[in-house]
Amino acid sequence: MRTVRYARSGELNIGGVVPRCVRRVRTAGTRSVSAASVAVFRIAFGVSIVVNSAMYVPRVIREHHIEPSFHFSYGPVDFLEPLPGFGMYLVYFAMMATGVLIAIGRWYRWAASSFFVLTTYIFLLDSTFYQNHEYLISLLAALMVLLPVNGFWSLDAKLGRTPASDVVPAWVVWMLRFQIGVPYFFGGVAKLNGDWLRGEPLRMWMAVRTDVEPFHTLLTNASVIWFMVYGALLLDLLVVPLLLYRKTRLAAYVVVCGFHFINVWLFGLYIFPWLMMAATLIFFPPDWPLRLLQRFGSAEETDGESATVAPLGSPTPPPTWTLVPTILVLWVVLQSLIPLRHIAIEGSSSWTEEGHRFAWHMMLRDKSGTARFTLTDGEHTWTVDPADLLTKGQLRELAWYPEHLVQFAHHLSSVHGGAEVRADTSVSLNGRDPQPIVDPTIDLAAVPTTWWGHAPWIVQLNTG
């Protein structure tokens, strides 16, 4: 296998001396490693895009984007609206097309950028349909726009549209490892809460899974529940270091696959488990695909493609690449801090939902409830049934999500000439007795949506 050394560009000097730790990180990050694993990652990501988008076409587009007359926005981007008519179908078909192009490495940079814009647009249309895997896909799409992952096993390289190379700088592999490791690690951190440690809501979910006989009795066994609860916690917290350590890597990956297969069996979870099983392969040595091909006798043909290798000092990335190190450092910092912001906010995030999104809080809460809205315009008082205005999907998340209650109250007030809006709610969290989640005496139409910090109109959770 031929080797290309990527030139080092730029040094961080403090007092005219490059700190030793910076030199070590730079040396480790700029060394050349096989591009095979990132090529497989690109292909798997493209295939996941196609499958995920295709799964949504038959039902989700109509239910999520066309049928709703009101959408719960993400604050600063409340100007975003679904495209009319057949427009949303075209968006999903376009995403499928970009997924194919990403997988085959054709017009890669354009395809990755287009997909990032399209998937983020869809993600931001309605917060009631927030999914951790859609957030992860959006993050990976943004990251892959920046990374040089199309120089190997791609049509762009084969056709000479981008310099071909069978190596990449090691930092490319480590950035992908970091991003895939984030959901695992912070998913484990989020499980360090009282409800999960006492077995909820997993125990509740297993109790109602009578459709999985003859395994229902096994899944409701106390010992099995505790094994699943603490096994999932330890897996999330420890899987990244176990994958990085050579002697435990294969065993850790087998356990990861088993974990995701169980999630598919019990909960479905769309494309997320399959994407994570494929993406977690990035923790194996960068040349693992070539070793696998060599074992089956085809590595020579694959590794021996005749292509022009990027010369020293002319790496695959575009001319603006000098900005990327700064962007990636900020990326790592933000991805490390955002999932922890709930710690600085008063109350349980599973109850208030403050700091819950974008923090990899997965499978932590089971909430149900009702909400009745009372409107007053100074002369008349009447009630509104939200079921008359919202879809079933939106209605499921309305009563127990304070931010959505406020947004809907603002909407009702605007429709009814500035009327005051109060909500009488009854919400249960992880099997607790129902209780109000917002102060029923507060005019929710007069309070701002709280994007950071604790909203005083949220009623404190009774943990008794």
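Residues numbered from 1 in each chain as written. Predicted model: local features only at pLDDT ≥ 70, side-chain atom pairs only at ≥ 80, totals over all residues. Heavy atoms only, no water.

### Remarks on the overall build of the protein
What the protein contains, in helices and strands, is 20 helices and five strands. Taken across its 464 residues, the protein has 51% of its residues classed as buried. Put simply, 74% of the contacts in the protein that link residues at least 6 apart link residues at least 24 apart. Entry remark: accessible area of the protein is about 22,300 Å², with carbon and sulfur atoms responsible for 63%. (Helix = DSSP H or I, 4+ residues; strand = E, 2+ residues; numbered from the N terminus. Buried < 20%, exposed > 50% of the residue type's maximum accessible area, 1.4 Å probe, protein only. Contact = heavy atoms within 4.5 Å. Areas by Shrake-Rupley, 256 points an atom, 1.4 Å probe, with all protein chains shown as cover.)

### Examining the side chain of Lys-367
Summarising the element assignment, Lys-367 is placed in strand β3 (residues 367-376). Polar side-chain contacts of Lys-367 include one of 3.0 Å to the backbone oxygen of Trp-351. Among all residues touching Lys-367, those that are not within four sequence positions of it are Ser-350, Trp-351, Glu-353, Trp-400, Val-427, Ser-428, Leu-429 and Ile-437. (Polar contact = N/O pair within 3.5 Å; in protein donor to acceptor, adjacent residues only side chain to side chain.)

### Quick look at a nonpolar patch on the surface
A cluster of nonpolar side chains, namely Val-47, Val-51, Met-55 and Tyr-270, defines an oily patch on the protein surface of about 310 Å² accessible area. Along the chain, Val-47 turns up in helix α2 (residues 36-56). Residue classification places Val-47 among the partly exposed positions, given a relative accessible area of 45%. (Patch = residues over 30% accessible without salt bridge, like charges linked within 9 Å, V, L, I, M, F, W, Y side chains within 5 Å. Salt bridge = Lys/Arg side-chain N within 4 Å of Asp/Glu carboxyl O.)

### Details of helix α6 (residues 132-146)
For α6, built from 15 residues, the straight-helix expectation of 21 Å at 1.5 Å per residue is met to within 8% by its first-to-last C-alpha distance of 22 Å. Across the 15 residues of α6, 15 count as buried, placing the element largely inside the fold. (Expected span 1.5 Å × (residues − 1).)

### Structural notes on the environment of Pro-58
Turning to its location among the elements, Pro-58 is positioned in the loop between α2 and α3 (60-66). Expressed as a C-alpha distance, the spacing of Pro-58 and Tyr-89, which sit 31 residues apart in the sequence, is 9.7 Å.

### Observations concerning the packing of aromatic side chains
Evaluation of the coordinates by the stated rule reveals 24 aromatic pairs. Ring centres of Tyr-253 and Phe-284 lie 5.5 Å apart, and the angle between their planes is 90 degrees; this geometry places the pair in the edge-to-face category. Note that Tyr-253 is positioned in helix α13 (residues 246-267) and Phe-284 in the loop between α14 (272-279) and α15 (288-295), a separation of 31 residues in sequence. This pair shows no difference in class: Tyr-253 is buried, exactly as Phe-284 is. A network of ring pairs unites the aromatic residues Tyr-74, Phe-123, Tyr-130, Tyr-135, Phe-358 and Trp-360 as a single cluster. Taking NZ or CZ as reference, Arg-203 lies 5.1 Å from the ring centre of Trp-226, over its face. (Phe/Tyr/Trp six-rings, centres within 6.5 Å; stacked < 30°, edge-to-face > 60°. Lys NZ or Arg CZ within 6 Å of the ring centre and 35° of its normal.)

### Some thoughts on the side chain of Asp-236
Relative to the assigned elements, Asp-236 resides in helix α12 (residues 222-244). Within the structure, Asp-236 has its side chain in polar contact with the side chain of Lys-191 (distance 2.7 Å).

### Side note on the packing of α12 against α13
Two elements in contact, α12 and α13, have axes whose closest approach is 9 Å; the angle formed by their N-to-C orientations is 140 degrees. One way to sum up the angle between α12 and α13 is to call them oblique. In this structure, the crossing between α12 and α13 has a hand that is left-handed. Within the contact between the two elements, α12 uses Met-228, Ala-232, Leu-235, Val-239, Leu-242, Leu-243 and Leu-244 and α13 uses Arg-246, Thr-248, Arg-249, Ala-252, Tyr-253, Val-255, Val-256, Phe-259 and Leu-266. Here the residues of the contact of α12 with α13 sort into 13 nonpolar, one polar and two charged. (Axes fitted to C-alpha atoms, helices over the stretch in contact; angles between N-to-C directions. Parallel < 35°, antiparallel > 145°, perpendicular 65-115°, else oblique. Left-handed = near helix turned anticlockwise from the far one by under 90°. Nonpolar A, V, L, I, M, F, W, Y, C, P; charged D, E, K, R; others polar.)

### Topic: the pattern of salt bridges
One pass over the full model with this rule turns up 13 salt bridges. With a closest N to O distance of 2.7 Å, Arg-432 and Asp-195 form a salt bridge. Here Arg-432, found in the segment after β5 (420-429), pairs with Asp-195, found in helix α9 (residues 194-197); they are 237 residues apart in sequence, far enough to count as distant. A relative accessible area of 14% means that Arg-432 is categorised as buried. Residue Asp-195 is classed as buried on the basis of its relative accessible area, which comes to 10%. Close ionic contact of Glu-420 with Arg-422 constitutes a salt bridge, the shortest N to O distance being 2.8 Å. Using a relative accessible area of 33% as the deciding quantity, one classes Glu-420 as partly exposed. Residues participating in the shared-partner salt-bridge network are Arg-106, Asp-156 and Arg-161.

### Side note on the nonpolar core
Soluble globular proteins tend to bury their nonpolar side chains together. One finds Val-38 and Phe-45 to be the most contacted residues of the largest nonpolar core, which totals 83 residues. Here this core takes eleven residues from α6, the largest share from any one element. The residues contacting Val-38, other than those within four sequence positions of it, are Val-149, Val-168, Val-172, Val-173, Leu-176 and Ile-282. Judged by nonpolar contacts, the second largest core, of 30 residues, contains Leu-398, Leu-429, Ile-437 and Val-438. (Core = buried A, V, L, I, M, F, W, Y, C linked by side-chain atoms within 4.5 Å.)

### Some points on the sheet that holds β3
The antiparallel open sheet is built from three strands, whose spatial order is β4-β3-β5. A strand with exactly one partner marks an edge of an open sheet, and here the two such strands are β4 (381-384) and β5. Pairs of neighbouring strands in the sheet enclose a mean axial angle of 20 degrees, with direction left out of account. Bridge count for β3 against β5 is ten bridges, and the pairing is antiparallel. Of the residues in β5, the one forming a bridge with Arg-372 is Asp-424. (Pairing = 2+ DSSP bridges.)

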